[in-house]
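So the chains spell out like this:
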Amino acid sequence: MIIDIIGDIHGYADKLIGLLKQLGYSHNGECFIPPDGHRALFIGDLIDRGTQQVATLEIVFAMLDAGVADAVMGNHEYNALTFATLEPSHNNSNPQRYLRSHNDVHNHQHEAFLAEVPFGSECHQYWLQRFYEIPLWLETEYACFVHACWDVDSMAVLKPLLTTDNCLTPEALLMTAQKHTLPYEALERVLKGVETALPDGLVMVDKDGAERTQVRVRWWLDELNFQTIHQIARAPNSGMAQIPVDAMAENINFALKTHKPVFVGHYWLTGEPEPLSIQVVCTDYSAAVDSGYLTCYQLDTEQPLPLKADNFVQYRHD
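Anyway, here's the lowdown on the structure attached to this text.

Each value, and the rule that gives it
- Residues numbered from 1 in each chain as written.
- Predicted model: local features only at pLDDT ≥ 70, side-chain atom pairs only at ≥ 80, totals over all residues.
- Heavy atoms only, no water.
- Helix = DSSP H or I, 4+ residues; strand = E, 2+ residues; numbered from the N terminus.
- Expected span 1.5 Å × (residues − 1).
- Bend = angle between axes of the 7 residues up to and from the residue.
- Contact = heavy atoms within 4.5 Å.
- Core = buried A, V, L, I, M, F, W, Y, C linked by side-chain atoms within 4.5 Å.
- Buried < 20%, exposed > 50% of the residue type's maximum accessible area, 1.4 Å probe, protein only.
- Salt bridge = Lys/Arg side-chain N within 4 Å of Asp/Glu carboxyl O.

### Some remarks on helix α4 (residues 104–116)
Between the first and last C-alpha of α4 there are 19 Å, a value that for 13 residues agrees with the 18 Å anticipated at 1.5 Å per step. At H110, α4 shows its maximal kink, close to 55°. Its buried side turned inward, α4 meets α2 (53–66), α3 (75–83) and α5 (122–131).

### Some remarks on the nonpolar core
Of all hydrophobic cores here, the largest spans 98 residues; its most connected members are F42, M63, F131, L168, W219 and F263. For this core, the element with the highest residue contribution is α2, accounting for 6 residues. Once residues lying within four places of it in the same chain are set aside, the contact partners of M63 are L20, Y25, C31, F32, A40, F42, V68 and A69.

### A word on the pattern of salt bridges
Summed over all chains, the structure comprises 9 salt bridges. In this structure, R97 engages E87 in a salt bridge whose closest nitrogen and oxygen atoms are separated by 3.9 Å. Within this pair, whereas R97 is found in the loop between α3 and α4, its partner E87 is found in the loop between α3 and α4, the two being separated by 10 residues in sequence. The class for E87 is partly exposed, based on a relative accessible area of 28%. Note that K257 and D153 form a salt bridge whose closest N and O atoms lie 2.9 Å from each other. Taken together, the residues K257 in the loop between α10 (237–240) and β12 (262–264) and D153 in helix α6 (residues 152–158) connect sequence positions 104 residues apart. The class for D153 is partly exposed, based on a relative accessible area of 42%. Connected through salt bridges with shared partners, the residues D65, R130 and E133 form a single ionic network.

Structure representation (C-alpha cells):
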C-alpha cells in the first residue's frame, strides 16, 4: 500500500485537485478515488487563507466518507472550534467571551473561512461538527501522523480526554483551551509544535503581525539543548532577524519516543522537499502562498524506511 500524505491545503481546492490528478486519482462523480494500492492521508490545516474553503472541505470529507482517505487535525481546524465556542459563564454580568478571542489577529487569520462560511450559520455549525470527527493523531504499524509534533508525553495527557479514536469532544475542547494547564500545553505541543521562550524583553512579530515571546524549534534535531535560538529555531528569516545571534535557548524537555517514521505538516517549508531527518518528514511546503507548492510524500507501507527525497511529489501549477 502507498499512503499519499498530503500537506497543508489552506483552502486552495484548485491545487488539491491538481495534485490528486497528478497522483492518478480520478473522480467518480462523488469523490476522488485513488489508484489501485493507494490511500490518501491529509495532515491538517485544510482551512483558512485561500479562497476555496468549502470546496476544499467538500473534496476532503467526501474522500473520508467514502473510506479512501484519512486525516489528522491541524491547528487551524482546532482554532476554528475554539473561535466559535463560548467560555462557560460563571457570572451572568460578564460579556460573552470565546475560547479563542475575536481580536484583530485572530479575525484576520480566520477571515477567509468565515467569508464563505458565515459565523453562526447552519453551514458553519455543520463544518464545526465535522471538524470534531478528525483525530488529533494517527499511529499505524508502519508510521506516525500528526500535524505538528509527535510528543507521546503530551499525548498521554490528552488521551483520557479524547474519544477512542483520538478525537476531541466539546468537553475536551474546553479543557485544552484553558491556558496554563497541562491539557492546554499538551495540545499546543501536538498541534503547534515545541517552542522555547525568547530572552527576557524580546518580542518577535510573526507573519500575521502577532507579537510572540516564544519561537518554534526544530524538535527533530538530535540535540536541542545548550544551543543558540538561531541553531534550533524554525521561524521566518524576518522573525529571526529580531533575535540576537548569540541568544541561548532554554533547556527543552522533549524526546522523540518512537522508532517509526513521523509525518507532519505545519512548518511552511520552502525549497526542494527532503526529509527533515532520518525519521521525520514534513509535507507543508507553503501551498498558501504563490511561491509554494502543495506537496505529497508517498509512503510505501511495506518499506517505510529509509525516508527518501524521491518520494515527494509537488503540484507545480506555474
